[in-house]
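Given next are the chains, with one letter for each unit.
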Amino acid sequence: MGWGDMDHSNSSVGGQSNTCFGVFNASDGRNTAQNSIASPWFSTTFGLIGLCSNLFALCVLLSASRKLSSQARSSFLVFLCGLVVTDFLGLLVTASVIIPYHFIKFAWAEVDPGCHLCNFLGFSMVFFGQCPLLLGATMAGERFFGINHPFSRSTSISKRRAWSIVGLVWGFSCLLGLLPVLGLGRYTLQYPGSWCFLTLLPDTGDAVFCLLFALLGIFSVLLSFIFNTVSVVTLCRVYHDRESVQRRRDSEVEMMVQLVGIMIIATICWMPLLIFIVQTVLQQLPASGQVQMLPTETQKMLLIYIRMVTWNQILDPWVYILFRRAVLQRVYPSLRPRPSVLSLYPVLNPSLGRKLTSD
């Protein structure tokens, strides 16, 4: 996201701070982009890798979902499908704008004088960026209650309800992305001129929107960490229980391994950007809106962190592709499928145990 050269036509609008232009120095982007790795083939290659990875993961997920009878596993696969679809569409939508810019080198001010394309690209960056973080927290919460409260009917989520939850996450992220269009904050063209994102300036509306986006993302990552940590500790306690070794819950372990992988990738790829946004906005607040252009160093750091975020969409699908039982059993043959008896509660009425196992 956001790799490319800067067209000289944008320099004519460098002072228009009230539009989606003028937040960075156009000449800086033009002079440094030639020597950077931000070439058309670089961004195109990684975009294609990400799209193919997500397509492959989606095919594997759809194939696996048809063979499952476990409701817990089925709902988890629905959330994974929602995550993979979100990553795929995020790469597709942003690449459809950014990659053509690399080859055409169109002037944003001439092609998009009303900032409609910039607003759309900025909305896409926020929407497809926030969705994976919220979905990760949702999946962690679902597994937390499923592992720690296995007998509660409220923790049993059907496929339809799982898709409804995914739809709610999409709807909330859509509403968040529309806030600048509705008047809170702005989407502006970012260094080196090939992408649009939220504006890191001390204007009140921009600051509120930036903090809302960043703090919500940080909260989602921390919530995922808490839920996943408790779930992993619970499973480890069960796994090492002498009476429960022969009844370990392979499906739950598999799901938690995938969740932890997703959480680690999201933390590494997203936290630097989110913390950078918070720090930049809070440091500039004393300026009270007097700053009309981002410093060059801030522009470059923002671009680096956005490149890191791009890897989240590329690596997410490989978590499911590689960390499945079918793959892990080939690496570790000792991981044999075992009956999924509820090992958290080893003393059960036999008929209740059989019923829960069949469910």
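- In the nomenclature of an unreviewed UniProt entry, the protein chain corresponds to Thromboxane A2 receptor from the organism Baryphthengus martii.
- Under the heading Subcellular location (unreviewed entry), UniProt records this for the protein chain: "Cell membrane".

Points about the overall build of the protein chain
Here's step 1: From N to C terminus, the protein chain includes 11 helices and 2 strands.
Here's step 2: Ordered by position in the sequence, the α and β elements of the protein chain form the string α-α-α-α-α-α-β-β-α-α-α-α-α.
Here's step 3: Of all 359 residues assigned to the protein chain, the portion counted as buried reaches 52%.
Here's step 4: Restricting to contacts in the protein chain with at least 6 residues of sequence separation, those with at least 24 account for 83%.
Here's step 5: If you sum the accessible surface of the protein chain, you get close to 16,500 Å²; carbon and sulfur atoms cover 66% of it.

Side note on the packing of aromatic side chains
Here's step 1: Inspection of the entire model under this criterion finds 13 aromatic pairs.
Here's step 2: Taken together, a centroid distance of 4.8 Å and an interplanar angle of 80° make the contact between F127 and F128 edge-to-face. Comparing F127 with F128 shows no difference in burial state: the two are buried.
Here's step 3: In textbook terms, an aromatic cluster arises when at least three aromatic residues are bridged by ring pairs, as seen for W195, F197, F213 and W270.

Some points on the pattern of salt bridges
Here's step 1: Considering all chains together, one arrives at 2 salt bridges under this definition.
Here's step 2: Residue R143 pairs with E142 through a salt bridge whose shortest N-O separation is 3.0 Å. We note that R143, like E142, is buried.
Here's step 3: Taking the shortest distance from any N to any O, the salt bridge between R186 and D206 comes out at 3.0 Å. Of this pair, R186 sits in the loop between α6 (159-182) and β1 (187-190) while D206 sits in helix α7 (residues 204-239); the two residues are 20 residues apart in sequence, bridging distant segments of the chain.
Here's step 4: According to the relative accessible area criterion, R186 is partly exposed, its value standing at 21%.

Some thoughts on the side chain of D87
Here's step 1: Along the polypeptide, D87 turns up in helix α3 (residues 71-104).
Here's step 2: On the accessibility criterion, D87 (0% relative accessible area) is buried.
Here's step 3: For D87, the contacting residues outside a window of four places in its chain are N54, P132, N312, Q313 and D316.

Section: the state of the cysteines
Here's step 1: On inspection of all chains with the given rule, the structure shows 1 disulfide.
Here's step 2: Each disulfide pairs two cysteine sulfurs, and for C118 the partner residue is C196, the sulfurs being separated by 2.0 Å. Given an S-S torsion of about -120°, the disulfide between C118 and C196 has left-handed geometry. With a gap of 78 residues between them, C118 in helix α5 (residues 116-148) and C196 in strand β2 (residues 195-198) connect regions that are remote in the sequence. The pair C118 / C196 is uniform in exposure class, with both members buried.

Some words on the confidence of the model for the protein chain
Here's step 1: On average, residues of the protein chain score 77 in pLDDT, and 71% of them are at 70 or above.
Here's step 2: Counted against residues more than four places away or in other chains, residues 1-17, with its pLDDT under 50, gives 64 contacts.
Here's step 3: Segment residues 338-350: pLDDT under 50, and 33 contacts once partners within four positions in sequence are set aside and those in other chains are kept.

With respect to the UniProt feature "transmembrane region" (unreviewed entry) in the protein chain
Here's step 1: Following the UniProt record, one finds the feature "transmembrane region" (unreviewed entry) at residues 41-64, 76-101, 121-141, 162-185, 205-238, 259-282 and 302-323.
Here's step 2: The span residues 162-185 shows a helical share of 88% and a strand share of 0%, and its end C-alpha atoms are spaced 32 Å apart.
Here's step 3: Summarising residues 302-323: 95% helix, 0% strand, and an end-to-end C-alpha distance of 32 Å.

Observations regarding a nonpolar patch on the surface
Here's step 1: On the surface, F56, V253, V257, W318, L322 and F323 cluster together into a nonpolar patch covering about 480 Å² of accessible area.
Here's step 2: Along the chain, the position of F56 falls in helix α2 (residues 40-65).

Observations concerning the pairing of β1
Here's step 1: Relative to β2, β1 is paired through 4 bridges, and the arrangement is antiparallel. Across the sheet, Q190 pairs through a bridge with W195, a residue of β2.
Here's step 2: Between β1 and β2, which pair antiparallel and follow one another directly, the connecting turn spans 4 residues, one of which, G193, has a positive phi of 105°.

Focus on the environment of W270
Here's step 1: Relative to the helices and strands, W270 is located in helix α8 (residues 250-284).
Here's step 2: W270 sits 56 residues away from A214 along the chain, and the two C-alpha atoms are 9.6 Å apart.
Here's step 3: Once residues lying within four places of it in the same chain are set aside, the contact partners of W270 are G129, L133, F213, V309 and N312.

Cut-off values and rules
- Residues numbered from 1 in each chain as written.
- Predicted model: local features only at pLDDT ≥ 70, side-chain atom pairs only at ≥ 80, totals over all residues.
- Heavy atoms only, no water.
- UniProt positions renumbered as here; feature names shortened; annotations may be inferred.
- Helix = DSSP H or I, 4+ residues; strand = E, 2+ residues; numbered from the N terminus.
- Buried < 20%, exposed > 50% of the residue type's maximum accessible area, 1.4 Å probe, protein only.
- Contact = heavy atoms within 4.5 Å.
- Areas by Shrake-Rupley, 256 points an atom, 1.4 Å probe, with all protein chains shown as cover.
- Phe/Tyr/Trp six-rings, centres within 6.5 Å; stacked < 30°, edge-to-face > 60°.
- Salt bridge = Lys/Arg side-chain N within 4 Å of Asp/Glu carboxyl O.
- Disulfide = S-S within 2.5 Å.
- pLDDT = per-residue confidence, 0-100.
- Patch = residues over 30% accessible without salt bridge, like charges linked within 9 Å, V, L, I, M, F, W, Y side chains within 5 Å.
- Pairing = 2+ DSSP bridges.

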